[in-house]
Amino acid sequence: MKEKLTHLIRFRLGHLTLYREMASLSGGEVQRVFLNLHLESRLDSLIYVFDEPTAGLHPSEKQSMLKAIKELRDLGNTVIVVEHDKEMIRHADHIIEIGPKAGVEGGMVVYQGEYEEYEKSDTPLSQYLCGKRLMPERTVRKHVFDKKDCLTLEHANTHYLKDLTVVFPLHVMVGIAGLSGSGKSSLITETLLKRLASESKYRTFAGKYRTFEGKYEQTIESKSGWKYGSTGGIAGVERISGFVKISREPIGRNANSTPASYIGVWDKIRELFAKQPEAISGNMSAGHFSFHSKGACGDCGGSGYERSFLTADFFVDKICQTCHGKRFNEESLSVDYNGKTITDVLAMSIAEACFFFADQSSIVKPLSILEQIGMGYLTLGQPSSSLSGGEAQRVKLAKELGRRLKGNILYVLDEPTTGLSMYDTALLLKLLDQLVVGGNSVIVIEHNAEVLKSCDYIIELGPEGGDKGGEIIARGTPEILRKNPNSKTGRYLV
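Quick look at the structure, then.

Definitions and cut-offs
Residues numbered from 1 in each chain as written. Predicted model: local features only at pLDDT ≥ 70, side-chain atom pairs only at ≥ 80, totals over all residues. Heavy atoms only, no water. Axes fitted to C-alpha atoms, helices over the stretch in contact; angles between N-to-C directions. Helix = DSSP H or I, 4+ residues; strand = E, 2+ residues; numbered from the N terminus. Parallel < 35°, antiparallel > 145°, perpendicular 65-115°, else oblique. Left-handed = near helix turned anticlockwise from the far one by under 90°. Contact = heavy atoms within 4.5 Å. Core = buried A, V, L, I, M, F, W, Y, C linked by side-chain atoms within 4.5 Å. Buried < 20%, exposed > 50% of the residue type's maximum accessible area, 1.4 Å probe, protein only. Salt bridge = Lys/Arg side-chain N within 4 Å of Asp/Glu carboxyl O. Pairing = 2+ DSSP bridges. Phe/Tyr/Trp six-rings, centres within 6.5 Å; stacked < 30°, edge-to-face > 60°. Lys NZ or Arg CZ within 6 Å of the ring centre and 35° of its normal. Right-handed = clockwise from strand over helix to strand, strands pointing away.

Focus on the packing of helix H15 (residues 389-402) against helix H16 (residues 422-437)
Following both chains from N to C, one finds H15 and H16 inclined at 30°, their axes separated by 11 Å at the closest point. Of the possible angle classes, the one that applies to H15 and H16 is roughly parallel. Between H15 and H16 the crossing geometry is left-handed. Counting all contacts with H15, which are made through Arg-394, Leu-397 and Leu-401, the residues of H16 involved are Asp-424, Leu-428, Leu-431, Leu-432, Gln-434 and Leu-435.

Regarding the nonpolar core
Met-173, Ile-269, Phe-357 and Leu-367 are the most contacted members of the largest nonpolar core, which totals 74 residues. Broken down by element, this core gets its largest block of residues, eight residues, from H16. Not counting chain neighbours up to four residues away, the residues in contact with Ile-269 comprise Ile-342, Val-345, Phe-357, Ile-363 and Leu-380. The next biggest cluster of nonpolar side chains, apart from the first, holds 27 residues, and it includes Leu-164, Phe-168, Leu-187 and Leu-410.

A few points about the environment of Ile-95
Its place among the elements puts Ile-95 in strand S3 (residues 95-99). Given the relative accessible area of 7%, Ile-95 is considered buried. Separated by 17 residues in sequence, Ile-95 and Gln-112 have C-alpha atoms that sit 5.5 Å apart. Setting aside residues no more than four positions away along its own chain, Ile-95 makes contact with Ile-89, Tyr-111, Gln-112, Gly-113, Tyr-115 and Tyr-118.

Topic: the pattern of salt bridges
Under the defined criterion, the tally for this structure stands at 17 salt bridges. Among the ionic pairs, Glu-87 bridges to Arg-90, the shortest N-O distance being 2.7 Å. On the criterion of helical spacing, the pair formed by Glu-87 and Arg-90 is a turn pair, its members being three residues apart in helix H4 (residues 86-90). Owing to a relative accessible area of 29%, Glu-87 belongs among the partly exposed residues under this scheme. Note on Arg-90: relative accessible area 32%, which makes it partly exposed. Salt bridges linked by common partners bring Arg-138, Arg-141, Asp-433 and Asp-456 together as one network.

Thoughts on the sheet that holds strand S6 (residues 164-169)
Reading across from one edge, S6-S5-S12 is the order of the three strands in this open sheet, with antiparallel pairing throughout. Of all strands in the sheet, those bounded by a partner on one side alone are S6 and strand S12 (234-235). Here strand S5 (residues 150-156) runs beside S12; their pairing, made up of two bridges, is antiparallel. Counterpart to Leu-153 in the pairing with S12 is Ile-234.

Describing the packing of aromatic side chains
Throughout the structure, instances matching the rule amount to 13 aromatic pairs. Summarising the aromatic geometry, the rings of Phe-273 and Phe-289 are spaced 5.5 Å apart at their centres and angled 40° between planes, so their arrangement reads as tilted. With Phe-273 in helix H9 (residues 266-274) and Phe-289 in the loop between helix H10 (277-281) and strand S14 (305-309), the pair connects residues that are 16 residues apart, well separated along the chain. One exposure class covers both Phe-273 and Phe-289, and it is buried. When the ring centre of Phe-291 is taken as reference, the NZ or CZ atom of Arg-327 above it lies at 3.8 Å. Here the basic side chain of Lys-399 rests over the ring of Tyr-262, its NZ or CZ set 4.3 Å away from the ring centre.

As for the sheet that holds strand S18 (residues 457-462)
An order of S13-S16-S17-S7-S18-S19 is seen for the six strands of this open sheet, with the pairing classed as mixed. One side of each edge strand has no neighbouring strand; the edge strands of this open sheet are strand S13 (242-246) and strand S19 (471-476). Across the sheet, the axes of successive neighbouring strands diverge by a mean angle of 15°, strand direction being ignored. Running at roughly 155° to S13, H15 makes contact with S13 and strand S16 (409-414) of the sheet.

Brief notes about the pairing of strand S2 (residues 78-82)
For a regular strand, the rule is simple: side chains alternate between the two faces of the sheet. One ladder, built from five bridges, connects strand S1 (residues 47-51) with S2; its direction is parallel. Bridge assignment links Phe-50 to a residue of S2, and that residue is Val-81. This β-α-β element, S1 to helix H3 (residues 62-74) to S2, shows right-handed connectivity.

Keep in mind these values describe shape, not function.
Next up, the structure:
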């Protein structure tokens, strides 16, 4: 028992209680518990495959993870690591880069060999890794902040938070840093967002509102025309028009949900087909170009495949013999737009669709935003459930950018660079910069030093995790954190 506990402490998990539920652990804590179990076994001649083991880890915590993975290797095992982290790649004995880009533009080995030669190569990722290409500069950086233009969170004591009062500058990009388990999600997701959500329940056009305690308080009129009450514990809500959490959750869980339908162009494409001469003469509506409505293949119901149950809970899928996977009936497929059927359009990549619909501004505008942020490889008909968390998050951001809002929205992102390469991270930073330039505010919980360096203001929690965390150990611009001896993040912001 002592040996097991010593291992956990070595992995900087000494702050956990023995009976804490696994579901309550942060991503970085779960990774380390998992790795600890395998190191204890002392087995050799195995192949270990780790998918982003440094996800959710602070830069200072990655060293123990790296050391543990090397220990597995030295025991006589083969360790394959799927990773974007610079340090992990730098210490690899052998590197394989898949690319050159993603989706249909990837799938090839663009480099294979040792790190010394990798530095000399000219691949999309090695350019960022070796400093040949740098992260994009922010359009405008702020170093002085208006004390009145902020959100103030008072008495934050969720989980291990130590009754904090936190000031979040608005109309800038704010980074939330700290060791895993130090209270970042507790502060933002569990406290700030929940209080904002609670506050929104009291928005009213009347002059007063009723709190849960039955007391009346005067409201403050915001610029957007709404009136905000104050439920206590948060001030400055009248300075934003609303808030949006951009999570990594899937944007759709069934085959009928696609990137095209999520960003709102699918209905416009169907209407375009319904306006074609063949469709008009056949008295066809937009519903005839939907694979779960009038246009669906009669045999497969628009799924493109037939499902055969071999037992009560075991089945196999095979291509529909009637539509051959095209999902539509013959009547719908008889109509074309500029030589392409509705099935052909669904099979187009976003980059191809931008060119194909160049004269349709309502369609091409949302698609062009996706292409600008490196999502041009997705197909219009790709099931949304097949997107990775990072892809889903960027599609959501693109949708927000495409909205005709007047700005002044608070966007909150939780570790958006998880699963992103340095190339993708650069595109993400451009996107976040556009949001700020548009008059919005961004709060990002992040460990990635490249993202934190691009923030206008950083709030760092610590000093450790669990009950040893929950305090603000540093705050200010990246330059201020670099000079702060209490900061555990500042040394990595060089």
